[in-house]
Amino acid sequence: MNKSDITSEQILDMYQIMVRIREFENQAIELAKMNLTRAAIHTYNGEEAIATGVCACLKENDYITSTHRGHGHCIAKGADMRKMYAELMGRETGYCKGRGGSMHIADVKIGILGANGIVAGGIPISVGAAFAIKLQKTDSIVVSFFGDGASNEGAFHEALNMAAVKRLPVAFVCENNHYGISMNVSQSTSVERISDRAKAYGIKGLTIDGNDVVEVYTSFGKIAEEIRNGSGPVLIEMETYRLSGHYFGDNENYRSKDEVASWRAKDPIQNCREQLINQYRCPTELLDNIIKEERAHVMEACETAKSDPEPSPAELSKDLYDPDFKKIEWRVRTSNSSSVL
Ligand SMILES: Cc1ncc(C[n+]2csc(CCOP(=O)(O)OP(=O)(O)O)c2C)c(N)n1
C-alpha cells in the first residue's frame, strides 16, 4: 500500500492505539509515583508510532518479541491492559501472576512471545519462532522489536546471521531512539545507520521515520508482505526518540532540554493528529473524544487492577520453578557422590 491509498479510518484507528499507549504509560508513571509498581518501569512515550504502525500490519497468528520497553508493543498487539497493570503492581491477576513485573509480559495466544529484561534477549527468540514457522509451513511472520543499544550485542549479530542463512520469516525492527540508557548512539555504534548492518548478513536493510505512523504502516506493510512471500529476513531501522527518561526516576542529565524540546515538536501522536485535521478534515472534537474514551478505558483497567489481590505469601514461590527442578536439586543434595556438584 502507498501512502496515498491509506484511508482516514485506518489513520484514525492508529491514532486511537497511539493515544491508548500514551495514556497507559502516563498512568503507569502515576502508579510508580505512588510506589505501587513492583519493578522498574521503562515507558514508550514518543515511540508509539512504531509499535502501532507495525502491529497494524500483523495478523493475530503473527508473533512479536519485545524488550524492557515493551508496554506499547503489547498493547498494539492486543494485550489486556488490566492484566498488564496487575502485573506492574505485582497482583495475582497479572500476566505472570505478579511474579514478573513490567519487563515480563507475555501472551502467547495472541502472538506476544514476551517482553524481555535482557537487552537483545528477544532477538534470538524471534529467530527460533521464525524457524518453527518455516518448518510448519504456515504464512505467519515474526517481528522482533529492539533498541539501538541492542544492535551492539552479540545476540543481534548471531541471530541475523542465522535468520539470513535459513531465509526465515522475521522482521528485525530496530527502534533507534538515539540512546542506550545515557549513551548516545553516536558513541556506541560503529556505523552511520544501524540498517547498514544488514549488508554484513546479505539481507535487505532500510531506515524510515519512526515518528510518522503512516510511513511506518505503509513501509512496514510492504516489507511484511515480502517476508510472507518468502523474501527472508529484513532489518528496518525506525528513527525515533524517547520523550520520557530511560526509566521512571531517571535524572536525564545526559541530554539537553533543547534536544528533548526539538523531538517533542515531532511527537508522533501530535503529528498524526495534525495530518488528520489538515489533510483529512477530521473534526477536532472526534480526536478529543478518542482521548477521553481511551483515558476512561485505561483508568478502568488501572482501578480494577489496583483492587486485585496480591499473591498470598505462602504461594509466592509457586510458578517460579519447574516442579521437576526441585526433584533434581533434592537428588543432588542427598547423593553420596562428592563429584555431583
Ligand atoms: C544484556 C544486558 N546488558 C545490559 C543491560 C542493562 N540495560 C538495560 S536497558 C539498557 C539500554 C538498552 O538500550 P536500547 O537497546 O537502545 O533500548 P532503549 O532503552 O533505548 O529502548 C541497558 C544497557 C541489560 N538489561 N541486559
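Residues numbered from 1 in each chain as written. Predicted model: local features only at pLDDT ≥ 70, side-chain atom pairs only at ≥ 80, totals over all residues.

### Let's talk about the environment of I141
Thought 1: Tracing the sequence through the fold places I141 in the loop between α5 (122-136) and β2 (142-147).
Thought 2: C-beta crowding within 10 Å serves as the criterion here: with 27 such atoms nearby, I141 is assigned to the buried category.
Thought 3: On a C-alpha basis, the gap between I141 and L168 in space is 8.7 Å, while along the polypeptide they are 27 residues apart.
Thought 4: Once residues lying within four places of it in the same chain are set aside, the contact partners of I141 are D62, P169, V170, A171, A224, I227 and R228. (Helix = DSSP H or I, 4+ residues; strand = E, 2+ residues; numbered from the N terminus. Buried ≥ 20, exposed ≤ 12 C-beta atoms within 10 Å, placed from the backbone. Contact = placed C-beta atoms within 7 Å.)

### What about helix α4 (residues 81-88)?
Thought 1: Most of α4 sits out of view: eight of its eight residues are buried.
Thought 2: Among all positions in α4, only M81, R82, K83, M84, Y85, A86, E87 and L88 are buried.
Thought 3: Among the residues trailing α4, G90 stands out with phi positive, at a value near 70°.

### As for the sheet that holds strand β3 (residues 170-176)
Thought 1: Read from one edge of the open sheet, five strands run β1-β2-β3-β7-β6, paired in parallel fashion. Looking along the sheet, the strands with just one partner apiece sit at the ends: β1 (63-65) and β6 (204-209). Across the sheet, the mean angle separating the axes of adjacent strands is 20° when strand polarity is ignored.
Thought 2: Across six bridges, β2 lies against β3 in parallel orientation. Pairing of V143 across the sheet is with A171, part of β3.
Thought 3: Where helix α8 (residues 213-228) meets the sheet, it contacts β3, β6 and β7 (234-239), and its direction lies at approximately 175° from that of β7. (Pairing = 2+ DSSP bridges. Axes fitted to C-alpha atoms, helices over the stretch in contact; angles between N-to-C directions.)

### A word on the site of the ligand
Thought 1: Looking at the ligand, there are 15 residues lining it, with V119, G147, G149, A150 and G180 nearest.
Thought 2: Mapped by element, the contributors of at least two residues to the shell around the ligand are β2 and β4 (179-180).
Thought 3: Within the shell around the ligand, the residues separate by chemical class into six nonpolar, seven polar and two charged. (Near = placed C-beta within 6 Å. Nonpolar A, V, L, I, M, F, W, Y, C, P; charged D, E, K, R; others polar.)

### Focus: unusual backbone geometry
Thought 1: Even without being glycine, K137 reaches a positive phi, approximately 55°.
Thought 2: On the secondary structure map, K137 appears in the loop between α5 and β2.
Thought 3: By C-beta crowding, K137 is classed as exposed, having 6 other C-beta atoms within 10 Å.
Thought 4: Backbone geometry at H178 places phi at a positive 75°, although glycine is not the residue there.
Thought 5: For H178, a count of 17 C-beta atoms within 10 Å puts it in the partly exposed group.

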